[in-house]
Amino acid sequence: MAKKQFKAESKRLLDLMINSIYTHQEIFLREIISNASDAIDKLAYLALTDEKVGLNRSDFAIELKADEAARTLTVSDNGVGMDRDEMENNLGTICKSGSLQFKKDMEKAEDIDIIGQFGVGFYSAFMVAETVTVISKKYGSDEAWKWTSSGADGYTIEPAERDAAGTDVIMTLKADTEDEKYSRFLKSWELQQLVKKYSDYIRYPIKMEMEKSRVKEETKDSDKPEYETYTEVETLNSMVPIWQKNKKDVTEEEYNNFYKEKFYDYEDPVAVIHASVEGAVTYKALLYIPAKAPYDFYTKEFKKGLQLYSSGVMIMEHCEDLLPDCFRFVRGVVDSQDLSLNISREMLQHDRQLKFIANNLEKKIKAELAKLMENDREKYEKFYTAFGAQLKYGALNDYGAKKELLQDLLLYWSSKEDKLVSLKQYAAAMPEEQKYIYFANGEDKVHLAQLPQLEQLKNKGYDVLFMTDEVDGFLPQTLGKYDDKELRNITQDDLGLASEEEKKAAEEQAEKAKSTLDFIKETLGDSVKEVRLSQNLGSHPVCVVPAEGMTFEMEKYFKRLNPEMGMKAERVLELNGEHPVFSKLQIAVAQEPEKAKKMVRILYAQALLMANLPLENASEYTDLVCELL
């Protein structure tokens, strides 16, 4: 029996297939099972018009058999099979797909879901096998044939025996080496896991004989029962994925159980998105919005992305391109026949179909979150506790590219309502004369509630949003406006409360107090950029605010990020010209300048404390207070 050479250009091509195209050895089982499913599809299709087939859908199956002694793994199907010419053409020619040709030959090709596209999947078996033997009998033929190959050296074809139509792929596994373990592919538990991972939704049962144990009947009532082993054929795959079912046929419990089992969470998700889309791109999606963040969510180790399936076969476990980064917390699956896969089916070609699905999913996630906020606020706030910061970072990233998408999903603590509110709720509740959306940055709402600038706004009946996340130090600048209303930082911006007459009176007062303000600036030196009077302090005497640009929260962030950077927001000391302390300070400046300097340092230290900033010299502050007392 003469050995034939592959009809590909060179041995190097097969070596490339085996060693370069596939990145994981375990992929071979997915490919061989997918080929078996294709073969069954072909015969099942013929059975629709040919009564002689004599098989119903329930008669079709794929079988796995592992023989540890012989080091063989066999994948068998009762599909359409191959004759000698088809073996020669399909197995002897690399990169020729019989499945693709079959689909092209069918009149209703668009109705047939055939997994194979390139005809290279079969050769992935050589990653783990030193020899591959294929025994096949074509439906309607009396002859069976055996194809055998050990790789690039070529193959042989000879007559064989097989009772019924179908194919056996027998892989004799390579010997184990120190760094490559092939024997694991002969273990029933490993095969079970791989089928569950990659081929769980192949539409025909994948069966394997499993060894089990049970108590011997005669020892059931004994204090020391004895056990016996037996074998039982089990179906390893679930066949019909939950996302292929109609929504009305799936219960909430089934959705939640699938989520917990698939994504290893013990808590029910807060929302489920089940989509079935037909049109320019056909796909089905089942997405989950978790109630809590996984332990590694805010680390580099976390892998975002959805599980991607093509016709029930898992192609990618984490397809990052299907989710924008702002929604990286979403878990789920997408299944589509319309994706352009690369030759190994491990990766996607980046095309318009993928972008179309991603854009659709982005809109559906946004709509589901908005619906949850509207209809079940308690659940939404639970979600927001876990992932609110992620939404904010999403709105901030890429110079605010996603801010329009995300701004209505953001929540902030309302100083007036004493609860979380959205920007939409804030804007709707604004008094007619209120021009701006007011906010304050800080580490916690307790501190922010004590800001002196809050007093006047509160007296006016105006609300202030407390922004306490790290990202909130940067986000308002990106948002800029909401509903055509400018966001204003109450510690940094003009509150816009003064009338023209009040502004003119304030300018005159500042001019009169110029010598006192110059004295304060000279006393504090470079500690402050500017000293000025303010109308925003209500009944409070003094405060320190950041100059235009960097805020105090930004300063704290950069200090935590890299203490050596030394980035610091410039300080502006503001004083209340109407407060009795300022009058006393003016007198002291004129009559007791040394005492006035001490008063200035005390006032500045108090302003730093109110701003939750560290004192430059706590000991000096204590001594000065004691001295004046």
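Further up the page is the structure itself.
On a predicted model such as this, the values are computed, not experimentally measured, just so you know.

Caption draft 1: Structural view of the overall build of the protein. When helices and strands are counted, the protein shows 19 helices and 22 strands. The buried share of the protein, reckoned over its 629 residues, is 49%. Taking contacts inside the protein between residues at least 6 apart in sequence as the whole, the part at least 24 apart equals 69%. Carbon and sulfur atoms provide 46% of the accessible area of the protein, an area that totals close to 32400 Å².

Caption draft 2: Spatial organisation of helix α8 (residues 377-400). With 24 residues, α8 extends just 26 Å between its outermost C-alpha atoms, more than 12% less than the 34 Å of an ideal straight helix rising 1.5 Å per residue. Considered for burial, the residues of α8 that qualify are Tyr380, Phe383, Tyr384, Ala386, Phe387, Gly388, Gln390, Leu391, Lys392, Gly394, Ala395 and Gly400. Where α8 is buried, its residues meet β10 (283-289), α7 (352-375), α9 (403-406), β14 (411-414) and α13 (475-479).

Caption draft 3: Representation of empty space enclosed by the protein in the model. Enumeration according to the criterion identifies two cavities of 30 Å³ or more in this entry. For the largest cavity, the calculated volume is near 190 Å³. As for the largest cavity, its lining consists of 21 residues, and the residues nearest its centre are Asn441, Leu451, Thr491, Phe552 and Ala611. Mapped onto the lining of the largest cavity, the elements with two or more residues apiece are α11 (445-448), β21 (542-546), α16 (552-561) and α18 (593-610). Sorting elements by how many residues they give to the lining of the largest cavity places β21 first, with four residues. Residues belonging to the lining of the largest cavity are distributed by class as follows: eleven nonpolar, eight polar and two charged.

Caption draft 4: Examining the layout of surface pockets more closely. Taken as a whole, the largest pocket holds about 1200 Å³ of empty space. Sorting the residues of the lining of the largest pocket by element identifies α5 (188-198), α6 (252-263), β11 (306-310), β12 (313-319) and β13 (331-336) as the ones contributing at least two each. Broken down by class, the residue content of the lining of the largest pocket amounts to 21 nonpolar, six polar and 18 charged.

Caption draft 5: Geometry of α16. Along α16, the positions that sit buried rather than exposed are Phe552, Glu553, Met554, Glu555, Lys556 and Phe558. Turning to α16, the residues buried within the fold contact β16 (437-441), α13, β21 and β22 (571-575).

Caption draft 6: Examining the packing of helix α2 (residues 27-47) against α5 more closely. Taken N-terminus to C-terminus, the directions of α2 and α5 make an angle of 70°; their axes are 10 Å apart at the nearest point. The angle between α2 and α5 places the two elements in the roughly perpendicular class. Once α2 is placed against α5, the crossing between them reads as right-handed. Packed against α2, whose contacting residues are Ile27, Leu29, Arg30 and Ile33, the element α5 presents Leu191, Leu194, Val195 and Tyr198 at the interface. Of the residues contributing to the contact of α2 with α5, the split by class is seven nonpolar, no polar and one charged.

Caption draft 7: Structural detail: the side chain of His447. With respect to the element layout, His447 can be found in helix α11. When residues no more than four places from it in sequence are discounted, the contact partners of His447 are Met610, Ala611 and Asn612.

Caption draft 8: Representation of the packing of aromatic side chains within the structure. Within the structure shown, the criterion is met by 27 aromatic pairs. Each ring, one from Trp147 and one from Tyr155, has its centre 5.7 Å from the other, and the planes form 20°; the classification is stacked. Judged by relative accessible area, which is 0%, Trp147 ranks as buried. Exposure remark for Tyr155: the relative accessible area of 0% places this residue in the buried category. Each ring, one from Phe474 and one from Phe558, has its centre 5.9 Å from the other, and the planes form 85°; the classification is edge-to-face. Taken together, the positions of Phe474 in the loop between β17 (464-467) and α13 and Phe558 in helix α16 put the pair 84 residues apart, joining distant regions of the chain. Assigned by exposure class, Phe474 and Phe558 land together as buried. Each member of the aromatic cluster is reached from another via a ring pair, and the members are Phe297, Tyr298, Phe302, Phe327, Phe329, Tyr380, Phe383, Tyr384 and Phe387. The ring of Tyr230 has Arg214 lying over it, and the distance from NZ or CZ to the ring centre is 4.1 Å. Note that Arg488 overlies the ring of Tyr436, its terminal NZ or CZ placed 3.7 Å from the centroid.

Caption draft 9: A look at the nonpolar core. Counting residues in each nonpolar core, the largest one holds 69 residues, and the members touching the most others are Phe327, Phe329, Tyr380, Phe383 and Leu391. If sequence neighbours within four positions are ignored, Phe383 has contacts with Val270, Ile289, Pro290, Ala291, Phe329, Leu369, Gly388 and Leu391.

Caption draft 10: Molecular detail of the sheet that holds β16. Read across the sheet, six strands follow the order β15-β14-β17-β16-β19-β18 without closing on themselves; strand pairing throughout is mixed. Only two strands of the sheet have a single neighbouring strand rather than two, namely β15 (420-422) and β18 (481-482). The pairing of β14 with β17 spans two bridges and is classified as antiparallel. Note on β17: the bridge partner recorded for Ser414 is Leu465.

The rules behind these values
Residues numbered from 1 in each chain as written. Predicted model: local features only at pLDDT ≥ 70, side-chain atom pairs only at ≥ 80, totals over all residues. Heavy atoms only, no water. Helix = DSSP H or I, 4+ residues; strand = E, 2+ residues; numbered from the N terminus. Buried < 20%, exposed > 50% of the residue type's maximum accessible area, 1.4 Å probe, protein only. Contact = heavy atoms within 4.5 Å. Areas by Shrake-Rupley, 256 points an atom, 1.4 Å probe, with all protein chains shown as cover. Expected span 1.5 Å × (residues − 1). 1 Å grid on protein atoms, 1.4 Å probe; cavity = no way out; pocket = protein on both sides within 12 Å on 5 of 7 lines; lining within 4 Å. Points joined across faces, edges and corners; volume = space filled by probe spheres on them. Nonpolar A, V, L, I, M, F, W, Y, C, P; charged D, E, K, R; others polar. Axes fitted to C-alpha atoms, helices over the stretch in contact; angles between N-to-C directions. Parallel < 35°, antiparallel > 145°, perpendicular 65-115°, else oblique. Left-handed = near helix turned anticlockwise from the far one by under 90°. Phe/Tyr/Trp six-rings, centres within 6.5 Å; stacked < 30°, edge-to-face > 60°. Lys NZ or Arg CZ within 6 Å of the ring centre and 35° of its normal. Core = buried A, V, L, I, M, F, W, Y, C linked by side-chain atoms within 4.5 Å. Pairing = 2+ DSSP bridges.

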